[in-house]
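# Close look at the chain arrangement
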Amino acid sequence: MPHLLAIVLSIFTLTGCQSAYYSAMEQVGYHKRDIMVDRVEDAKQSQQDAQQEFSSALEALSALTNFDGGELETVYNQINEKYQDSENAAQDVRDRIAAIEDVSGALFSEWQDELELYTSSKLRRSSEQKLRETKTSYTTMLNAMKRAENKMTPVLNTLRDNTLYLKHNLNASAIGSLQGEFSSLEQDIQYAIKQMNAAIAESDKFLQKLSQK
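Rules used throughout
Residues numbered from 1 in each chain as written. Predicted model: local features only at pLDDT ≥ 70, side-chain atom pairs only at ≥ 80, totals over all residues. Heavy atoms only, no water. Helix = DSSP H or I, 4+ residues; strand = E, 2+ residues; numbered from the N terminus. Buried < 20%, exposed > 50% of the residue type's maximum accessible area, 1.4 Å probe, protein only. Contact = heavy atoms within 4.5 Å. Areas by Shrake-Rupley, 256 points an atom, 1.4 Å probe, with all protein chains shown as cover. Phe/Tyr/Trp six-rings, centres within 6.5 Å; stacked < 30°, edge-to-face > 60°. Core = buried A, V, L, I, M, F, W, Y, C linked by side-chain atoms within 4.5 Å. Salt bridge = Lys/Arg side-chain N within 4 Å of Asp/Glu carboxyl O. Axes fitted to C-alpha atoms, helices over the stretch in contact; angles between N-to-C directions. Parallel < 35°, antiparallel > 145°, perpendicular 65-115°, else oblique. Left-handed = near helix turned anticlockwise from the far one by under 90°. Nonpolar A, V, L, I, M, F, W, Y, C, P; charged D, E, K, R; others polar.

## Let's talk about the overall build of the protein
Counting its secondary structure elements, the protein contains 6 helices and 0 strands. Written out in order from the N terminus, the α and β elements of the protein read α-α-α-α-α-α. Split into buried and exposed, the 213 residues of the protein put 37% on the buried side. Across the protein, every contact between residues at least 6 apart in sequence was considered, and the portion connecting residues at least 24 apart equals 79%. Roughly 11500 Å² of accessible area belongs to the protein as shown, and the carbon and sulfur atoms make up 47% of that amount.

## Remarks on the packing of aromatic side chains
Each pair of aromatic rings is reported with the distance of its centres and the angle of its planes. Enumeration according to the criterion identifies 3 aromatic pairs in this entry. Both rings, one in Phe108 and one in Tyr138, keep their centres 5.5 Å apart while their planes meet at 75°; by these two values the pair is edge-to-face. Linking Phe108 in helix H4 (residues 72–114) with Tyr138 in helix H5 (residues 121–168), this pair joins segments that are 30 residues apart in sequence. In this pair, the class of Phe108 matches that of Tyr138, namely buried. Members of the aromatic cluster, each reached through a chain of ring pairs, are Phe108, Tyr138 and Phe206.

## Structural notes on the nonpolar core
Within the largest apolar cluster, 53 residues are counted, with the highest numbers of intra-cluster contacts made by Met36, Leu64, Ile100, Tyr138 and Met196. Listed by contribution, the elements that provide at least two residues to this core are helix H2 (18–27), helix H3 (32–65), H4, H5 and helix H6 (172–210). Broken down by element, the residue count for this core peaks at 14 residues, all from H4.

## Examining the pattern of salt bridges
Inspection of the entire model under this criterion finds 12 salt bridges. Here Asp42 ties to Arg96 by a salt bridge, and the two come within 3.5 Å at their closest N and O atoms. Taken together, the positions of Asp42 in helix H3 and Arg96 in helix H4 put the pair 54 residues apart, joining distant regions of the chain. A residue is classified by how much of its surface remains accessible, and Asp42, at 33% relative accessible area, is partly exposed. For Arg96, a relative accessible area of 30% gives the class partly exposed. Residues joined by salt bridges that share partners form a network here, namely Glu26, Lys32 and Glu110.

## Thoughts on the packing of H3 against H5
Their axes nearest at 11 Å, the elements H3 and H5 cross at an angle of 30°. When the interaxial angle is binned, H3 and H5 end up roughly parallel. Viewed along their axes, H3 and H5 form a crossing whose handedness is left-handed. Residue-level contacts link Met36, Val40, Ala43, Gln47, Ala50, Phe54, Ala57, Leu61 and Leu64 of H3 to Tyr138, Met141, Met145, Ala148, Met152, Val155, Leu156, Leu159, Asn162 and Leu166 of H5. In terms of residue class, the contact of H3 with H5 is made up of 17 nonpolar, 2 polar and no charged.

Take a look at the structure:
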């Protein structure tokens, strides 16, 4: 089964046709709800990875503020690497959120359509109520993810500015100029991490709600 899923995934990732992808996955017993769960879990992991990368970048800049001699180019290369890692981690978060938004539309649309298939009005009302509750939980989770995503922007901007400045000013005076940026960056990173933790908490709540479907 894992081998078959990998083949299906590779084919429809290349074609970019999500509706065909969902249909094909259902043929092998992998439904939209399962895909949603996996994508939310992936988004949680991507946010945890982003936290680590941002913290590592902060540590690299902290080391720069205590620089007392040596090769500045080596220090620059380390900071640039941390910045690039942070940029990639943030992009992964954005991609994961987009993937969640895509499958959510398909999942909720299918759930809504299937309400018409019930012959029992009692069961239909119960399912309809669960749909509303799940949508509400989803919206709360997505908004939290978006807030966290937005808080990454000032972090990346500051990291980029510092990296570029150091690249073109590999001298001791450049370090003094960057020291004033450190406090602001530290606050931005701490706030971004706080928002990501909030988003992860909402993801757990949503997954719990989804398991009740």
